[in-house]
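Structural features, examined
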Amino acid sequence: MSNKVFIFDSTLRDGAQADGISFSVEDKVKVVKALDEIGVDYIEAGNPMSNPKDMEFFDRIAHLELSQARIVAFGSTRKSNISPQEDAGLKALEKAGTSTVAIFGKCWDFHVTDIIETSLEENLNMIRDSVAYLKSLGKEVIFDGEHFFDGFKNNSEYAMQCLAAAAEAGADCLVLCDTNGGTFPSEVHDITRKVVDTFSTAIGIHCHNDCGMAVANSQMAVEAGARHVQGTFIGYGERCGNANLSTIIPNLQLKRKMECIPEASIPRLTMIALTIAEISNISLNKREPYVGRCAFTHKGGMHVDAVNKTPQSFEHIDPEAVGNRRIFLTSEVAGRGAVISKIHKVSPELTKDSPETTRIIKRLKELEHAGYQFEAAESSFELIIRKELGKYRPLFELVSFKVIGEQPYREGLSATALIKIIVDGKEEITAAEGEGPVNALDKALRKALEVFYPEIAQVYLIDYKVRVLDGKSASASKVRVLIESTDGKDTWASVGVSRDIIEASWLALVDSVEYKLIKDIESKFKAYL
Ligand SMILES: [Zn+2]
């Protein structure tokens, strides 16, 4: 049996059904790029029928050049008592234009009779017709057997007939779904083994985490012969979430020597997990296996001593294998390696042991303690390094700003900002109206700066995220604002933290424009050399 396990990511479909997750089309494109970069085989992009945003997204990604991943449109078998040609869902799948589709069909007799209220025979026809129809369009068809394990436990003969209907109609993969997440690993193993022994079609697994066993169940299915694993990259999904691929991939690849993603991508797992968390505007669970911040963090004195002597004493793998890092909470060693590469961009001559490096690390620690986070805010990070090394001069001086909110609400004009700045001794006062205080302030600042730095006109915000850091203080809580800006060529992100959301936004806005101006000045300077 082959060692290759196909990885199918459903962050944009099952993941988008998680409480608290909402992706814009822009976010979805970024998730696709991140997943493609790490080399997953399939990216389930959404249901073109249930969501108009998804259809727009399919149009967008049709033009994306992906290196490895196949985009998958998701839908279901046809409705009862109509032909596949008449079914709106199947039509939408055709229109989505992807070469691979995933459709789910009922495999639990009780769901057939009591939920969609049709006959067991008609459900088999629905599966057979829908798969055959999509195959006639030349598509790769992945059949998701919904509630397969519950169905098998209730009526194994019928559950197997459902798979047989899909297989006979030409399905390329039969995926066994533990839709309610209530099945145990030993059951998953035994049932998957029976399916693998019965069918020559490739078998897949799709687990939910309602018993905290989605990863274990996926693992057992692979050990029983499944070679296609569905999940979401950092595990979120409906209710308690889906099987977490950032755990499953290294488990299979590092511990079981199976091939999931290209070998060279394994050290990028942590980075991609952080990226997807950031796009989703959630904090990556710091206790996540392999990729969480605590996965290789040592605190107890005896543990620290032992790891210093021999890392294997308290680490199951080398953290760098998955792109994570070892942290000693009681030591100063933390983060030095990660920081030095960034310092080198500004001052290549500095080393890990330079006093400047120590000073920068101290400053970063203070800021992180105050709620800053720099993983996704490279431009603010670089500005701090510049400030500590004296390679920074302020490009403008703020005299004051004032923001006034207006009621009743007027669309696009609900706030006014007034700003006074000084550049090279010249004062500039401007005002701007905007959609809310932050937008008004952003416009006023850029309008004032444009007088001195015309290139600022090309800069605009593409993303703005706010996270409350300590919910306990209610409306006086500290917030972290992360903004992403572009000048049409490059994009960069900056961060600000304060108890005042306007102040936090201001800090991030200032970093964003300063970073752009410093980059421009440096590239002009280089052109003269
Ligand atoms: Zn699911």
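Definitions and limits used
Residues numbered from 1 in each chain as written. Predicted model: local features only at pLDDT ≥ 70, side-chain atom pairs only at ≥ 80, totals over all residues. Heavy atoms only, no water. Helix = DSSP H or I, 4+ residues; strand = E, 2+ residues; numbered from the N terminus. Rg over C-alpha atoms; globule rule 2.2 N^0.38 Å. Buried < 20%, exposed > 50% of the residue type's maximum accessible area, 1.4 Å probe, protein only. Contact = heavy atoms within 4.5 Å. Areas by Shrake-Rupley, 256 points an atom, 1.4 Å probe, with all protein chains shown as cover. Lys, Arg positive; Asp, Glu negative; His and termini not counted. Charge placed at Lys NZ, Arg CZ, Asp CG, Glu CD. Domains from an automatic or database assignment. Buried area = accessible area lost by both parts, 1.4 Å probe. Salt bridge = Lys/Arg side-chain N within 4 Å of Asp/Glu carboxyl O. Polar contact = N/O pair within 3.5 Å; in protein donor to acceptor, adjacent residues only side chain to side chain. Nonpolar A, V, L, I, M, F, W, Y, C, P; charged D, E, K, R; others polar. Pairing = 2+ DSSP bridges. Axes fitted to C-alpha atoms, helices over the stretch in contact; angles between N-to-C directions. Patch = residues over 30% accessible without salt bridge, like charges linked within 9 Å, V, L, I, M, F, W, Y side chains within 5 Å. Arc of directions from axis to C-beta.

1. Section: the overall build of the protein
When helices and strands are counted, the protein shows 17 helices and 16 strands. For 529 residues, the compact-globule estimate of 2.2 N^0.38 gives 24 Å, and the C-alpha radius of gyration of the protein, at 27 Å, lies within 12% of that figure. Overall, the protein is about 85 × 65 × 50 Å in size when its C-alpha atoms are taken along their principal axes. Relative to its 529 residues, the protein shows a buried fraction of 53%. Considering only contacts in the protein between residues 6 or more positions apart, those separated by 24 or more positions represent 66%. Summed over all atoms, the accessible surface of the protein reaches about 24000 Å², with 52% contributed by carbon and sulfur. Here the protein contributes 62 positive and 76 negative side-chain charges, whose respective centroids are spaced 6 Å apart.

2. A few points about the domain arrangement of the protein
Where interface size is quoted, it is often the accessible area lost as the parts come together. Along its sequence, the protein is carved into domain 1 (6-280), domain 2 (297-388) and domain 3 (397-528). Each of domain 1 and domain 2 has a C-alpha centre, and these two points are 38 Å apart. The junction of domain 1 with domain 2 conceals about 670 Å² of combined surface from both sides, 61% of it contributed by carbon and sulfur atoms. Contact with domain 2 buries area across many residues of domain 1, yet Lys255, Pro267 and Thr270 alone supply 51% of it, more than any other trio. At the surface where domain 1 touches domain 2, the tally comes to 0 salt bridges. Taken together, domain 1 and domain 2 are joined by 4 residue pairs in polar contact (both at pLDDT 80 or more). Here the side of domain 1 that touches domain 2 gets 4 residues from one element, more than from any other, and that element is helix α11 (residues 269-279). Here the side of domain 1 that touches domain 2 is built from residues that sort into 6 nonpolar, 1 polar and 2 charged.

3. A few points about the sheet that holds strand β7 (residues 202-207)
Spatially, β1-β2-β3-β4-β5-β6-β7-β8 is the arrangement adopted by the 8 strands of the closed barrel, whose pairing is parallel. Each strand of the sheet is rotated relative to its neighbour by a mean of 25°, with strand direction disregarded. Looking at chain direction, strand β6 (residues 173-178) and β7 are connected through 6 bridges and run parallel. In the sheet register, Leu176 faces β7, and the bridge partner there is Ile205. Of the strands in this sheet, β4 (100-106), β5 (140-146) and β6 touch helix α7 (residues 156-168), which is tilted by about 150° from β6.

4. Topic: the pattern of salt bridges
Per the stated rule, a full pass over the model turns up 30 salt bridges. Across the pair Glu146 and Lys106 runs a salt bridge, and its minimum N-O distance is 2.7 Å. A residue pair is termed long-range when its members are at least 10 positions apart, and Glu146 in strand β5 and Lys106 in strand β4 qualify at 40 residues. The pair Glu146 / Lys106 is uniform in exposure class, with both members buried.

5. Focus: the sheet that holds strand β15 (residues 479-486)
In space, the 3 strands of this open sheet follow the order β14-β15-β16, with antiparallel pairing throughout. Unpaired on one side and paired on the other, β14 (460-468) and β16 (491-498) mark the two borders of the sheet. Along the sheet, successive strands turn relative to each other by an average axial angle of 15°, direction set aside.

6. Some words on a nonpolar patch on the surface
On the surface, Phe110, Ile115 and Ile116 cluster together into a nonpolar patch covering about 240 Å² of accessible area. Considering the arrangement of structural elements, one finds Phe110 in helix α4 (residues 109-115).

7. Concerning helix α2 (residues 52-61)
Along α2, the residues that are buried comprise Asp54, Met55, Phe57, Phe58 and Ile61. On an axial view of α2, the arc spanned by its buried residues comes to 160°, and they lie on one face. Exposed residues pointing more than 90 degrees away from the buried face of α2 are listed as Pro52 and Asp59. Buried residues along α2 sit against α1 (25-38), β2 (42-46), β3 (70-76) and α3 (88-96).

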